[in-house]
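Listed below are the residues making up each chain.
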Amino acid sequence: MSNRRRGRLFIVSAPSGAGKTTIVHRVVETTPGVAMSRSYTSRPVRAGECEGVDYNFIAAEQFRSMRDAGAFLEWADVFGDFYGTGAADTESRLVAGQDLVLVIDVQGARKVRAAGVSSVGIFLMPPSFECLEHRLRRRSRDPEAAIVRRLATARQEIEAFSEYDHVVVNDEIEPCADRVRAIILAERSRRDVMTAEAEAVASTFRS
Ligand code: 5GP
């Protein structure tokens, strides 16, 4: 029997524009043993994105048939496009002992919890509504109507912070990434996670 520790599942959610992808990329780059999950989506590829890197881009019809076949751990319709986390991909990486971060919206996070899958939730918040609006307008290639819609969704999504285990305010990238990394490292030292290893150490003390 393998005594490899099962990986832990982390869920990072935030309102659109709060910088969650940037933060998670930074954390994954600088923290051994943790990877970011790659979702499936039916939305069109944006400029600068690559198939199989940013997402697995698939047609809506293929998404529906995978969904109906139970291929997703969770899925959601976000702004009219489908997004989902592959169940088999996730399971095989966790079994291999890798910690995995799902960067998913609050609907998806609820589905993971409702399915009884063990996870650690981290909610990122922009420092204020004004700050989010400024960031969205500055970075956005989207039309005004899309920005207005994202801001309206953010007003609802922000309230979901109370459903998460940890909350981090994303004021600046590095301090925010440090906090997320600290959460991941602390979770690895939880007693329930460490029981087998701690028992092995303790057994060397027993005569
Ligand atoms: P975007 O199209 O800007 O890449 O992502 C839009 C939203 O979909 C973001 O909030 C992102 O976190 C969320 N999202 C991306 N992948 C998934 C997924 O697999 N499941 C769910 N539920 N949401 C996702």
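Attention in this report is confined to the structure presented alongside it. (Residues numbered from 1 in each chain as written. Predicted model: local features only at pLDDT ≥ 70, side-chain atom pairs only at ≥ 80, totals over all residues. Heavy atoms only, no water.)

## Topic: the overall build of the protein chain
Here is step 1: Each helix and strand counted, the protein chain has 8 helices and 9 strands in total.
Here is step 2: Over its C-alpha trace the protein chain gives a radius of gyration of 18 Å, about what one expects of a compact globule, namely 17 Å for 207 residues.
Here is step 3: Projected onto its principal axes, the C-alpha positions of the protein chain cover 70 × 40 × 30 Å.
Here is step 4: Every one of the 207 residues in the protein chain was classed for burial, and the buried ones make up 41%.
Here is step 5: Taking as baseline every contact in the protein chain between residues at least 6 positions apart, the subset at least 24 positions apart corresponds to 68%.
Here is step 6: Per element, the accessible surface of the protein chain, about 11600 Å² overall, is 52% carbon and sulfur.
Here is step 7: Across the protein chain, the centroid of the 29 positively charged side chains sits 2 Å from that of the 29 negatively charged ones. (Helix = DSSP H or I, 4+ residues; strand = E, 2+ residues; numbered from the N terminus. Rg over C-alpha atoms; globule rule 2.2 N^0.38 Å. Buried < 20%, exposed > 50% of the residue type's maximum accessible area, 1.4 Å probe, protein only. Contact = heavy atoms within 4.5 Å. Areas by Shrake-Rupley, 256 points an atom, 1.4 Å probe, with all protein chains shown as cover. Lys, Arg positive; Asp, Glu negative; His and termini not counted. Charge placed at Lys NZ, Arg CZ, Asp CG, Glu CD.)

## Thoughts on the side chain of arginine 150
Here is step 1: Mapping arginine 150 onto the fold places it in helix 6 (residues 144–157).
Here is step 2: Apart from residues lying up to four places away in sequence, arginine 150 is in contact with Ser16, Arg46, Phe79, Leu136 and Asp142.

## Notes on the packing of helix 1 (residues 20–30) against helix 7 (residues 173–188)
Here is step 1: Relative orientation of the contacting elements helix 1 and helix 7 amounts to 60°, with a least axis distance of 9 Å. Relative to helix 7, helix 1 is oriented oblique. Our pair here, helix 1 against helix 7, has a crossing hand that is right-handed. Seen from helix 1, the contacting residues are Thr22, Ile23, Arg26, Val27 and Thr30; seen from helix 7, they are Ile173, Glu174, Cys176, Ala177, Val180, Arg181 and Ile184.
Here is step 2: When its residues are assigned to classes, the contact of helix 1 with helix 7 shows 7 nonpolar, 2 polar and 3 charged. (Axes fitted to C-alpha atoms, helices over the stretch in contact; angles between N-to-C directions. Parallel < 35°, antiparallel > 145°, perpendicular 65-115°, else oblique. Left-handed = near helix turned anticlockwise from the far one by under 90°. Nonpolar A, V, L, I, M, F, W, Y, C, P; charged D, E, K, R; others polar.)

## Section: the packing of aromatic side chains
The way to describe two aromatic rings as a pair is by their centre distance and the angle between their planes.
Here is step 1: Taken as a whole and assessed by the stated rule, the structure comprises 7 aromatic pairs.
Here is step 2: Geometrically, the ring pair formed by tyrosine 55 and phenylalanine 57 is edge-to-face, given 5.6 Å between the ring centres and 65° between the ring planes.
Here is step 3: Given a relative accessible area of 15%, phenylalanine 57 falls into the buried group.
Here is step 4: Through a chain of ring-to-ring contacts, three or more aromatic side chains come together here, namely Tyr40, Phe63, Phe72, Trp75 and Phe82.
Here is step 5: A cation sits over an aromatic face here: arginine 67 above phenylalanine 82, 5.8 Å from the ring centre. (Phe/Tyr/Trp six-rings, centres within 6.5 Å; stacked < 30°, edge-to-face > 60°. Lys NZ or Arg CZ within 6 Å of the ring centre and 35° of its normal.)

## Considering the sheet that holds strand 2 (residues 34–36)
Here is step 1: Ordered by their spatial adjacency, 5 strands build an open sheet running 2-7-1-8-9, and the pairing between neighbours is parallel. Looking at which strands have only one partner, the edges of the open sheet turn out to be strand 2 and strand 9 (166–169). This sheet shows a mean twist of 25° between the axes of neighbouring strands, independent of strand direction.
Here is step 2: Where strand 1 (residues 9–13) and strand 7 (residues 99–103) come together, 4 bridges link them in parallel fashion. (Pairing = 2+ DSSP bridges.)

## Observations concerning the site of the ligand
Here is step 1: Residues in close proximity to the ligand total 15 residues, the closest being Ser39, Arg43, Tyr55, Glu74 and Tyr83.
Here is step 2: Measuring from an oxygen atom of the ligand, one finds a side-chain N or O atom of tyrosine 55 at 2.5 Å.
Here is step 3: At 3.2 Å, a backbone N or O of glycine 84 approaches an oxygen atom of the ligand.
Here is step 4: Secondary structure elements with two or more residues in the shell around the ligand: strand 5 (72–78) and strand 6 (81–86).
Here is step 5: In the shell around the ligand, the residues fall into 6 nonpolar, 4 polar and 5 charged. (Near = heavy atom within 4 Å. Polar contact = N/O pair within 3.5 Å; in protein donor to acceptor, adjacent residues only side chain to side chain.)

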